[in-house]
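Listed here are the chains, written in short residue letters.
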Amino acid sequence: MTTTSWATKPLAGWGRYPVIDATCARPESQPQTLHAFDERHGDAVLAHGFGRSYGDASLLSQGRILLTTRLDKMLAFDEVTGLLRCESGVTIGELIDVFLPRGWFVPVVPGTQFVSVGGAIGCNIHGKNHGHAGCFGDHVRRIDMLTASGEMVSCGPDEHPDLFWATVGGMGLTGVILSVELQLYPVESAAIEMESIRFNNLDEFFAISAESSDYFHTVSWIDCVKGGEQMGRGIFMRGRHASADAAAELREGPLQALLERAQRLLDGRAFQSNQLLNRATIRLFNEAYYHKHPAGELHSVVGYQPFFFPLDAVENWNYIYGERGFLQYQMVVPEREAVREILKVISKSKMASFLAVIKEFGDRDHGGLSFPCAGTTLALDFPNFGAPLLAMMERLDDIVVEAGGRIYLGKDARLSREMFRRMYPGWEEWKAVRDRWDPDRVFQSDLGLRLGLVDATAA
Ligand SMILES: Cc1cc2nc3c(=O)[nH]c(=O)nc-3n(C[C@H](O)[C@H](O)[C@H](O)COP(=O)(O)OP(=O)(O)OC[C@H]3O[C@@H](n4cnc5c(N)ncnc54)[C@H](O)[C@@H]3O)c2cc1C
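Residues numbered from 1 in each chain as written. Predicted model: local features only at pLDDT ≥ 70, side-chain atom pairs only at ≥ 80, totals over all residues. Heavy atoms only, no water.

For the protein chain, an unreviewed UniProt entry supplies the name FAD-binding PCMH-type domain-containing protein and the organism Lujinxingia litoralis.

What follows is the structure, given as structure tokens:
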């Protein structure tokens, strides 16, 4: 086998903050991945999928990064049971393209289809169906991975379960996932029967959410600029895969409005000058989007793409924030009062979030570094306003911690070590497993170093 070609290039997550100079290789096969690992010259290593985590989870400034995008082969599929074996660089979108026409769908999908299966396991992603289906890791039957000893190890719920559960949501810090066995689920059509409902405030959101348990998928857009009586107003979307008959009614739904507006914002290149995406324009966008939806309930049958992946239609929308990049703040809190407090802080601040999404999780909690647990999750994108934004986020951290909640590491670029430990009480148990499999701390990341997950002195 020829020598691995390593190249140094700028690399960032989806938030484009931070940006690092990374030493990377892009192996084309599993043997080439093992070979590259052998040729790391004693450096630390990290796998990087499609860089759709927002902050520094997929970055390693001092070490080597293995880009997994060419590990993209489908290996086996059982047409009867829906059990799939594929390499870790295959994307959710590719799985849907290949298996939806055969009547199978991916059990848990995030808000974009451009994520790898390895990244979906690394962040143990959640979808709009957490209450019904749990997380991505709940549907993984087996992982073949490259561990720190340089050996390939298979793990699953019944085989090396310690390694398996430390890898699910383990942010790439237990090894490189090479291939995966994933259980797909059967669907009758590619369409979604959807209802969207405008709500006037947070109480109405919780009321609709409580009576939506029959819907497999739920998510809401929320206006986080509005304060007072209408604080927490928004649009609730709930849906299920349509039967073959219902799918015949497929037509454009109200989600199209969001896409068109977002596309117009991007087309107006002015945003790239960093000047215009401010509280005033975000307020205007929110007003227009909220009022675009009539009061009450709308029924429609829509394609799965605008329902699950509305922003994928807007290419490179993360560039809307210009050079400064942006930060996402996604948290989950068991107590509703904390959601109210968080919205109050944001609406009173001079900073606004362009995209804000709210939903309620079910009660499945995998512990370790895995994010979802029972409660309400809120995800907010903020232009990088610098020090005032970081200060506000620290204030939000206090509210989250006090309420027994946590923030999503896959979206984080700035959480402190101390706060992380309070939010994730299972971290020491996770670290003990990781240290058993990687005593020499071969696998590292900038996030892992920041949070004290990979250095010898951290415990
Ligand atoms: C528009 C948008 C919407 C999103 N919506 C959601 C959502 O609804 N729910 C949700 O949970 N997340 C969501 N995300 C976050 C995204 O799903 C996760 O960050 C996902 O992990 C990204 O996959 P990736 O292939 O880009 O991985 P990367 O960002 O490259 O890596 C993520 C982590 O996984 C590790 N990793 C990647 N590949 C491997 C591998 N082969 N072996 C071992 N470790 C690996 C990396 O080291 C890193 O720690 C969203 C992101 C975007 C941009």
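Having seen the model, we can carry on.
Undergrad: What should I look at first to understand the pattern of salt bridges in this one?
TA: Scanning the entire structure with this criterion turns up 27 salt bridges. R414 serves as the salt-bridge partner of D397, at 2.4 Å between the closest nitrogen and oxygen. Of this pair, D397 sits in helix α12 (residues 387–402) while R414 is found in the loop between β19 (406–407) and α13 (417–423), placing the two residues 17 residues apart along the sequence. D397 gets classed as buried once you look at its relative accessible area, which sits at 2%. Among the ionic pairs, R450 bridges to D412, the shortest N-O distance being 2.9 Å. Residue R450 is found in helix α15 (residues 446–450), and its partner D412 is found in the loop between β19 and α13; the two are separated by 38 residues along the sequence. What makes R450 partly exposed here is its relative accessible area of 21%. Taking the relative accessible area as the measure of exposure, D412 reaches 2% and is therefore buried. One network of salt bridges, with partners in common, ties together K431, R434, D435, D438 and R441. (Salt bridge = Lys/Arg side-chain N within 4 Å of Asp/Glu carboxyl O. Helix = DSSP H or I, 4+ residues; strand = E, 2+ residues; numbered from the N terminus. Buried < 20%, exposed > 50% of the residue type's maximum accessible area, 1.4 Å probe, protein only.)

Undergrad: When you look at the pairing of strand β18 (residues 375–383) in this model, what are you seeing that I'm missing?
TA: Within a regular beta strand, the side chains point alternately toward one face of the sheet and then the other, so they alternate between its two faces. When you tally the buried positions in β18, you get nine out of nine residues, the bulk of the element. Relative to β18, strand β16 (residues 326–333) runs antiparallel, the two sharing eight bridges. By the bridge assignment, M331 is partnered in β18 with L378. Strand direction decides the pairing type here: strand β17 (residues 356–361) and β18, joined by six bridges, are antiparallel. When the sheet's bridge partners are listed, A356 is paired in β18 with L380. (Pairing = 2+ DSSP bridges.)

Undergrad: How should I be thinking about the sheet that holds strand β6 (residues 83–87) in this particular structure?
TA: Across the sheet, which stays open at both edges, the five strands sit in the order β5-β6-β10-β8-β9 with antiparallel pairing between neighbours. The sheet terminates laterally at β5 (74–77) and β9 (152–155), the two strands that pair on one side only. For this sheet, the mean inter-axis angle between neighbouring strands, taken without regard to orientation, is 15°. The pairing of β5 with β6 spans three bridges and is classified as antiparallel. Paired with F77 across the strands is L84, a residue of β6. Taken strand by strand, helix α2 (residues 92–99) contacts β5, β6 and β10 (176–183), and its axis lies near 45° from that of β5. (Axes fitted to C-alpha atoms, helices over the stretch in contact; angles between N-to-C directions. Contact = heavy atoms within 4.5 Å.)

Undergrad: Which parts of the structure should I look at to understand the sheet that holds strand β1 (residues 7–12)?
TA: Sheets are built from strands paired through backbone hydrogen bonds, the pairs being either parallel or antiparallel. Strand order in the open sheet made by the four strands is β1-β2-β4-β3, with mixed pairing throughout. On the outer flanks of this sheet lie β1 and β3 (45–48), each paired with one strand and no other. Averaged over all pairs of adjacent strands, the angle between their axes in this sheet comes to 45°, without regard to strand direction. With six bridges joining them, β1 and strand β2 (residues 19–25) adopt antiparallel strand pairing. From the neighbouring strand, P10 faces β2, where its bridge partner is D21.

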